[in-house]
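Analysis of the macromolecular model
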Amino acid sequence: MTAPQSRRIVLVGSMYPYRGSIAHFLETMVRGLEQRGHHTLPVTFSRQYPDFLFPGKTQYETAQVQDPVPAMRLLDTIGPWTWFSAAREILRFEPDAILYKYWMPFFAPGYGTLLWLLRRHGIRGYAVVDNAIPHERRPGDRMLSRFFLGKCDGLLVMSDAVGRDIDSLGVRAPQRRINHPIYDIFGEGMPRATARELLGYEADTPLLLFFGYVRKYKGLQIALEAMPQILQQLPDARLLVCGEFYEGETGYRETIERLGIGDHVDLHADYVPSDEVARWFCASDVVVQPYVSATQSGVAQIAYQFERPSIISDVGGLAEIVPHEEAGFVVEPNSPAKLAEAVSRYFVEDWESRLAAGIQRERQKYGWDQLYEAFEELMEMPR
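Residues numbered from 1 in each chain as written. Predicted model: local features only at pLDDT ≥ 70, side-chain atom pairs only at ≥ 80, totals over all residues. Heavy atoms only, no water.

Describing the pairing of strand E11 (residues 286-289)
Let me state the cut-off plainly: Burial classification: accessible surface area is computed with a 1.4 Å probe over protein chains only, and a residue below 20% of its type maximum counts as buried, one above 50% as exposed, and the rest as partly exposed. A run of DSSP states H or I qualifies as a helix once it reaches four residues; a run of E qualifies as a strand once it reaches two. Both are numbered from the N-terminal end. Strands pair, by our definition, only if DSSP identifies at least two bridges between them.
Neither face of E11 is exposed, since Val 286 and Val 288 on one face and Val 287 and Gln 289 on the opposite face are all buried. Sheet analysis places strand E8 (residues 207-211) next to E11, joined by two bridges and oriented parallel. Directly across from Leu 208, in E11, lies its bridge partner Val 286. With three bridges joining them, E11 and strand E12 (residues 310-313) adopt parallel strand pairing. Bridge pairing in E12 links Val 287 to Ser 310.

Some remarks on the environment of Glu 197
Residue placement: Glu 197 occurs in helix H6 (residues 192-199). On a C-alpha basis, the gap between Glu 197 and Ala 283 in space is 8.6 Å, while along the polypeptide they are 86 residues apart.

Side note on the layout of surface pockets
In this approach the atoms are scanned with a rolling probe the size of a water molecule, which exposes any empty space left behind. For clarity, the threshold we go by: Only protein atoms enter the 1 Å grid used here, on which a cavity is any set of points holding a 1.4 Å probe that cannot leave and a pocket is any open set flanked by protein within 12 Å on both sides along at least five of seven lines; residues with an atom within 4 Å of a point are listed as lining. Grid points are joined across faces, edges and corners, and a volume is the space filled by probe spheres set on the points. Each residue is assigned to one of three groups, with Ala, Val, Leu, Ile, Met, Phe, Trp, Tyr, Cys and Pro labelled nonpolar, Asp, Glu, Lys and Arg labelled charged, and all others, Gly among them, labelled polar.
Approximately 460 Å³ is the volume found for the second largest pocket. If you go around the second largest pocket, you meet 23 residues; those closest to its centre are Gln 64, Val 65, Gln 66, Ile 185 and Ser 274. Split by residue class, the lining of the second largest pocket holds 10 nonpolar, seven polar and six charged.

Quick notes on empty space enclosed by the protein
One pass over the full model with this rule turns up two cavities of 30 Å³ or more. Size it by volume and the largest cavity reaches roughly 50 Å³. Tallied by class, residues from the lining of the largest cavity come to three nonpolar, three polar and two charged. Approximately 30 Å³ is the volume attributed to the second largest cavity. Lining the second largest cavity are Phe 45, Leu 75, Asp 76, Thr 77, Trp 83, Phe 107, Gly 110 and Tyr 111. Breaking the lining of the second largest cavity down by element, the ones donating at least two residues are strand E3 (72-76) and helix H3 (108-119).

Right, here's the structure in full:
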């Protein structure tokens, strides 16, 4: 294979000191592109969200981060003057291209204005698009996404569902469909017994993991409603809910009390630092993702990293990630009964050993090189 032409690339989006999977994704891209011979300038926000708009406890890393990516904090999402000063700073780098991580229309005004300013100097713009249309929709979302994405020279999408959403906006930029890569920042796995000892769980307890920040579209309510039926077949089962609540906990706690499942649901309602992720996945038997709506899921890739099967809803692009009865189960959405049936089948029919080979096969599809190669291909396209 011919070595890619070295480029000077600006990457824009959430990066350290901000936390979360989007920051992890972009920081991995910075390092990966550098290893492939490109020169990068990582750019993040001086203000990502105003505090009154952010639903969680903090936007920032609170744990010690080893060797953080040295991103320049140039963009204030609600400070238009910084979009112009950021353009001037970026131009000093003399870039060939700028790559954005785009996940919600809130960022479209700043992103689109910055792209417009840089294109006047011949700099081409691209985006990795997590969501073209958000899960929780608001007036103006489609217009804002069209404003930004319509200015891009090429788009990288990680599910067919996102590609269809882009097409529905009338955006005609070239697309490349790639798989969401497996994160490689959470360290090595550990034996299940070791992880359970660290967390205080018995070796033979059936453990279900719901991981990541909690919002309505993630379907935690579905998982809770499924627990009484699950307990009929698996009376010792426990649901581990690990992640910060981006909406009130009260309604979920009321559901737990109403269903009488308090002894079988453990709420760890806080952000899980990177160095603690492995223990939760390795301690668990299966990851449950009963999403109400979705495009793709980074949680499924973390499950693959630690060789854990997933039980997912058939929404958006999730079934593209986890083939049914090969690397997990795909179930009807919005159905606690179907979720409970799948969980019971997994344990009663001993699907762990039957899915092991499929998980190994699927995880080979999710390397980072296919993302870099797709981006390089877009950059090589004629104007």
